[in-house]
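Residue-level listing of the chains:
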Amino acid sequence: MARFVYADNAATTPVSPTVFAAMKPFYTDLYGNPSSLYSVGREAKKHLELARADVAACLNAEPNEIFFTSGGSEADNWAIKGIAHQLAKKGKKHIITSKFEHHAVLHTCASLEKEGFSVTYLDVHADGLVRPEELEAAIREDTALVTVMYANNEIGTIQPVSEIGAICQKHGVLFHTDAVQAAGTLPVDVKGQHIDLLSLSAHKFHGPKGVGALFIRKGISLPNLVDGGAQERGRRAGTENVAGIVGLSVALKEACATMAERTKRLTAMRDRLIDGALQIERTRLNGDRTKRLPGNVNLCFEGIEGESLLLLLDLNGVCGSSGSACTSGSLDPSHVLLAIGLPHEIAHGSLRLSFSDQNTEEDVDYILEVLPGIVERLRSMSPLWEEIVNGQKAD
Ligand SMILES: *Cc1c(COP(=O)(O)O)cnc(C)c1O
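Criteria and thresholds
Residues numbered from 1 in each chain as written. Predicted model: local features only at pLDDT ≥ 70, side-chain atom pairs only at ≥ 80, totals over all residues. Heavy atoms only, no water. Pairing = 2+ DSSP bridges. Helix = DSSP H or I, 4+ residues; strand = E, 2+ residues; numbered from the N terminus. Axes fitted to C-alpha atoms, helices over the stretch in contact; angles between N-to-C directions. Contact = heavy atoms within 4.5 Å. Near = heavy atom within 4 Å. Polar contact = N/O pair within 3.5 Å; in protein donor to acceptor, adjacent residues only side chain to side chain. Areas by Shrake-Rupley, 256 points an atom, 1.4 Å probe, with all protein chains shown as cover. Nonpolar A, V, L, I, M, F, W, Y, C, P; charged D, E, K, R; others polar.

**Q** When you look at the sheet that holds strand 8 (residues 212-216) in this model, what are you seeing that I'm missing?
**A** Think of a sheet as strands paired side by side through backbone hydrogen bonds, with each pair either parallel or antiparallel. The strand order across the open sheet formed by 7 strands is 2-8-7-6-5-3-4, and the pairing between neighbours is mixed. Among the strands making up the open sheet, the edge pair consists of strand 2 (66-69) and strand 4 (118-122). Within this sheet the neighbouring strands show an average axis-to-axis angle of 20°, counted without direction. Here helix 4 (residues 72-88) sits on the sheet and contacts strand 2, strand 3 (94-98), strand 5 (143-147), strand 6 (174-178), strand 7 (197-201) and strand 8; the angle it forms with strand 7, its principal contact strand, is near 160°.

Take a look at the structure:
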C-alpha cells in the first residue's frame, strides 16, 4: 500500500506541536517589542531571556554566551568572518577547515580567500572523518581559527570534536563548529569539548525556520555582522524574532530531553535500513557505519542517477534527497561524496534518507519494500548499468 514517508529530516523538520503551541502567543498576545518599556514589551523580553537561559543550559554554556541569529548560515558567517577579521589585526590570517563542510562554511571561507586570507581544507578520509593529527599538523603561527563541523549534513559522520577542541586549546587557536546537524541530536558540552564558537539552527530539530544561534565563549570579541540597534547586547542588530526564539528554545529542550530514547530507536531503524538496502547488488554505504547520526543513511547505487531515483521515490510517497537540499537541482555531484573519494559516476547515484522522531519502523518497512524495485527499474533503462554489468562479464 502506498504511504507517505518524510525521510529528509536533514534538510528540515516539521515544527513539533508543542513548539508550535509555545510560539503562538508571541504572534497574538505577547507581540511586544522586547526593547519597549511597557508591559507587553517587558513580557516579551522576559521570555526572550528565559529562552536564552534554556538554550545555554542545553549546551553547558552561560546565557550571555548565546546570541540569536536568523539561522545556521548567519551563525557560520558571523563566527568565521568575525574571527577572521578580528585576528587579522594581529597578523593571523590563516583558517583551517575541511573539504566537506556545509556551503555556509565553505563559501564563507572562499570569500575570505578573495580578501587575502589563506585557508587549509583538510582531507576527509573514506570513512567520512577528518584526522585530528592532520589537523594539528596544519596549525601554523598565523592560524586564527579552526572550523570543522560536528556532524556532516549529507553522510552524517560525527567528527572527533572533543579531540579537535583539545588540540586547538593546546595551540591557542580558536575552534568553531557548525553543529547544525548535531544540536538536539548529539550531546553538546561547549566547556568539556573546548568549543569557542558553535552554530545551531532551530529547523533541524523541530523548531521553526529562519532562527538559529551562535554560542560565543565569554571574552571572545568579534566584529558585528549585522549592524543597527542595540539588540543582543549590541552585537546583533534587528528586532528579535521572539516567537522563533521561543520555538527554538522549546524545540532544543525537548530534543535534548528525549535524546537518549530517540537515539536508541533511530539507530535501530537506521541500521535495519542499511542492512536491507545493502542487499541490493552494487550498493554502498557512504560514511562510517557507526560514527554517524542516528537517523542518517546515505547510499550509492551504481549505474543510476540520484535525480531519477528521487523522482521515482517521490511517486511512491517517499521524500529523500540526493546531495544536500541546497545543491540538488544542479547536476554537479555532491562535494561531500567527492571529498570522501568517490568517483563522479558513483557519486551521482547517491541517496540520503534521514529520520527524525516522527518516523516509525513501518516507514523503514515501506522504504525497503519499494526501493529495490525502483533501483532495478532504473538500472534496466541505464546504459551505464549495462556497461558495468558487461564490464564485469568481460573480466
Ligand atoms: C542546514 C545546515 C546549515 C544551514 O542552516 P540554515 O538555518 O538553513 O541557514 C548549515 N550547516 C549545516 C551542517 C546544515 O545542515
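Next comes the rest of the account.
**Q** How should I be thinking about the site of the ligand in this particular structure?
**A** Neighbouring the ligand are 13 residues, the closest being Ser-73, Asp-178, Gln-181, Ser-201 and Lys-204. Take Gly-72: an N or O atom from its main chain is 2.8 Å from an oxygen atom of the ligand. In this structure, an oxygen atom belonging to the ligand sits 2.7 Å away from a side-chain N or O atom of Lys-204. Here the ligand, which alone exposes 380 Å², has 87% of that area covered by the protein. Considering each element in turn, the shell around the ligand owes the most residues, 3 residues, to helix 4. In terms of residue class, the shell around the ligand is made up of 2 nonpolar, 8 polar and 3 charged.

**Q** Is there a simple way to think about the side chain of Gln-159 in this case?
**A** In this structure, Gln-159 sits in the loop between strand 5 and helix 7 (161-171). Polar side-chain contacts of Gln-159 include one of 2.9 Å to the backbone oxygen of Gly-128. Among the polar contacts listed, one links the side chain of Gln-159 to the backbone nitrogen of Val-130, at a separation of 2.9 Å. Those residues in contact with Gln-159 that sit more than four places away from it in its chain are Phe-100, Gly-128, Leu-129, Val-130, Val-148, Met-149 and Tyr-150.

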